[in-house]
Amino acid sequence: MLKPALRLLACLMPFVTGAFAADGGAAGFATKAAQAYMIEAATGTVLLAKNEDQDFSPASLAKLMTMDLAFEAVTKGQITLDTEYPVSEYAWRTGGAPSRTATMFASLKSRVRVEDLIKGVAIQGANDSCIILAEGMAGSEQQFAVSMTRRARELGMEKAEFGNSTGLPDGKSKVTAREMVTLAAALQQTYPNLYPYFAQPDFEWNKIFQRNRNPLLGLDLGADGLATGFTEGEGYSIVASVERDGRRLFLALAGIASDKERTEETKRVLEWGLTAFENRQIFAEEEVIGAASVYGGTSRTVDLVAKAPVSVYIPISNPDRLSARIIYHWPLTAPVMPDTQAGTLRIFAGSRLLREVPLYTVQAVGEGSLSSRAVDAMLELGESLFFSWLWDKSAPG
């Protein structure tokens, strides 16, 4: 995402299509959750947003980051599914049978295969599984938590902090609904061979049979992950993914009053997301979307295109207007090479940002003569004042 210091190239482009109400939902849709964020996966369109950048304690949702690190290590060959890790007394007492929390009941001083530990986390939300993985992979849970936070930054999760591998209360861990959707999408898209563990209905290990804790799996929604959480004083949370009729949604809800309400609200929001929107293509592949100013070049502008068709999901009912803006480092400085990412297209419904699309230069622009650069320098002074005014007056919220 481009930083606010970058200048705005103007331009409302009217499209008569659907828009979102100011409360963050289409056509006035509202959720009981204190924090909510939902996207359509293929286009990245934001379907629902409510306090999406307000942080909360992740509780067991933190285990999704533990899974990300374990999946990454397996994918890179750093460990295998048959690698075995020992069960320390700390893992046993903190997350095992004595803890009276979610557990796979790993025996003290035994050794457990990585695949069984992954199943323990993804299917049962087992705390002992998380700690055993953390200690085995990083030497200590504390060091593993450092890696969790570092990985969050790599994924663009700027606020997230992780103090342990389980999400058990530590006074430090925090995430946002937007960030949890980012993490869920990364798990599904980056590790397609490992992600299905989240949808496995049950797991028997060491003669103990346990069912998947995800309440959505049996509701005929198309749910295939991911996790639930609860924090005293903050309520119930969930990160979910569904795929139905070729459409995949990622959703995070937090701050819900009860376990029952969490299931009901999640089902209601997902059903709405799956049925209340249609896909609308705005620009074709390689269609020129706009032009960026070029300083000191043989041409004063360069065309910008997206590398794929640009589509958004819009409400089927209550059509309104979309607007789009191109943002880039203003002006570009010659020479400009073709096929260079030079800006971002931001598409809004009202004041709500629906999605961002990177834009690339079409043609090359060589360096101009000394006299043309002098003229451009004079134009830049006047235009910078104009575009600065436009940012202040016209940019959404």
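Residues numbered from 1 in each chain as written. Predicted model: local features only at pLDDT ≥ 70, side-chain atom pairs only at ≥ 80, totals over all residues. Heavy atoms only, no water.

Enquirer: Which residues make up empty space enclosed by the protein, and what values go with them?
Expert: This structure, assessed with the given rule, holds one cavity of 30 Å³ or more. Taken as a whole, the largest cavity encloses approximately 40 Å³ of empty space. What lines the largest cavity is M104, Q124, F203, E204, W205, I208 and Q210. Those elements that place two or more of their residues in the lining of the largest cavity are strand 7 (202–205) and strand 8 (208–211). The element contributing the most residues to the lining of the largest cavity is strand 7, with three residues. Split into classes, the residues belonging to the lining of the largest cavity amount to four nonpolar, two polar and one charged. (1 Å grid on protein atoms, 1.4 Å probe; cavity = no way out; pocket = protein on both sides within 12 Å on 5 of 7 lines; lining within 4 Å. Points joined across faces, edges and corners; volume = space filled by probe spheres on them. Helix = DSSP H or I, 4+ residues; strand = E, 2+ residues; numbered from the N terminus. Nonpolar A, V, L, I, M, F, W, Y, C, P; charged D, E, K, R; others polar.)

Enquirer: Residue-level account of the layout of surface pockets, with values.
Expert: Which parts of space are left empty comes out when a probe the size of a water molecule is rolled across the atoms. The calculated volume of the second largest pocket comes to roughly 710 Å³. Looking at the second largest pocket, it is lined by 36 residues, and the ones nearest its centre are S60, K63, T228, G229 and F230. Elements with a minimum of two residues in the lining of the second largest pocket: helix 1 (63–75), helix 3 (114–124) and strand 9 (223–231). It is strand 9 that provides the largest number of residues to the lining of the second largest pocket, a total of six residues.

Enquirer: Summarise the nonpolar core; cite the residues concerned and give the values.
Expert: Ranked by internal contacts, the top residues of the largest apolar core, which has 61 residues, are L64, M67, F162, L187 and F198. Among the elements that line this core, the one with the most residues is helix 1, at eight residues. Ignoring anything within four residues of it in the chain, the contact list for L64 reads M180, L183, L187, F198, L226, A227 and V239. V294, V310, V312 and A349 belong to the second-largest nonpolar core, a separate cluster that totals 27 residues. (Core = buried A, V, L, I, M, F, W, Y, C linked by side-chain atoms within 4.5 Å. Buried < 20%, exposed > 50% of the residue type's maximum accessible area, 1.4 Å probe, protein only. Contact = heavy atoms within 4.5 Å.)

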